[in-house]
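# Fold and contact review
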Amino acid sequence: MKQFDQEQVRRIWQRVQSGAAYEPTKAAESKAGSGWNLRELIAYEMMEKESFLFLAKGLGGKNAAILRQMAKQAQANSAILRGIGSMMEGSTPKVRLPKFTALSMGTLLRRSYGQTLQLMAEYEKRASDPQFGSVFQQLKEQKQNHCRVLLALLGSFPSK
């Protein structure tokens, strides 16, 4: 699979997203080549969980079951990332989330796709980590699948 650079992902995300969203802190961005810290990755996973659950309620049917499963995966991913943080830092990272704002289904699908794409790129960067690389590789592959599902949902969603 083609590797995404952070600037390319940022441009794509800005195109597909509307409204304010959680952004990585400037401190995390300024770390040379290290990308986001674990707290930011955990926050994105937790936000994805909330978004997927909200979408599941609004879309219903088979799509709802798929989105609920994706929400469970995002919840499990945040636990995995907390475990990595515990191993690296000796304590579980604490994360505060911005309040979830309900959006239109189309907007939320686009925003979720952008956030999932960003997570995929961040996990891809970490896939070469000697201690946790295989875990990040699996998370990246899961995000690829989530991107496919979100695009399919967006493609079947009525456009304006």
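That block above? That's the structure.
Definitions and cut-offs
Residues numbered from 1 in each chain as written. Predicted model: local features only at pLDDT ≥ 70, side-chain atom pairs only at ≥ 80, totals over all residues. Heavy atoms only, no water. Helix = DSSP H or I, 4+ residues; strand = E, 2+ residues; numbered from the N terminus. Buried < 20%, exposed > 50% of the residue type's maximum accessible area, 1.4 Å probe, protein only. Contact = heavy atoms within 4.5 Å. Core = buried A, V, L, I, M, F, W, Y, C linked by side-chain atoms within 4.5 Å.

Position of H146 relative to the elements: it lies in helix 6 (residues 133-156). By relative accessible area, H146 is classed as buried at 0%. Contacts of H146, omitting those with residues within four sequence positions, involve E48, F52, M70, Q73 and T116.

F52, L55, L67, M70 and L150 are the most contacted members of the largest nonpolar core, which totals 17 residues. Among the secondary structure elements, those contributing two or more residues to this core are helix 3 (38-59), helix 4 (61-89), helix 5 (105-126) and helix 6. Broken down by element, this core gets its largest block of residues, six residues, from helix 5. Excluding residues that lie within four positions of it along the chain, L67 makes contacts with F52, L55, A56, L59 and L153. Membership of the second largest hydrophobic core comes to 13 residues, among which are Y44, L119, F132 and F136.

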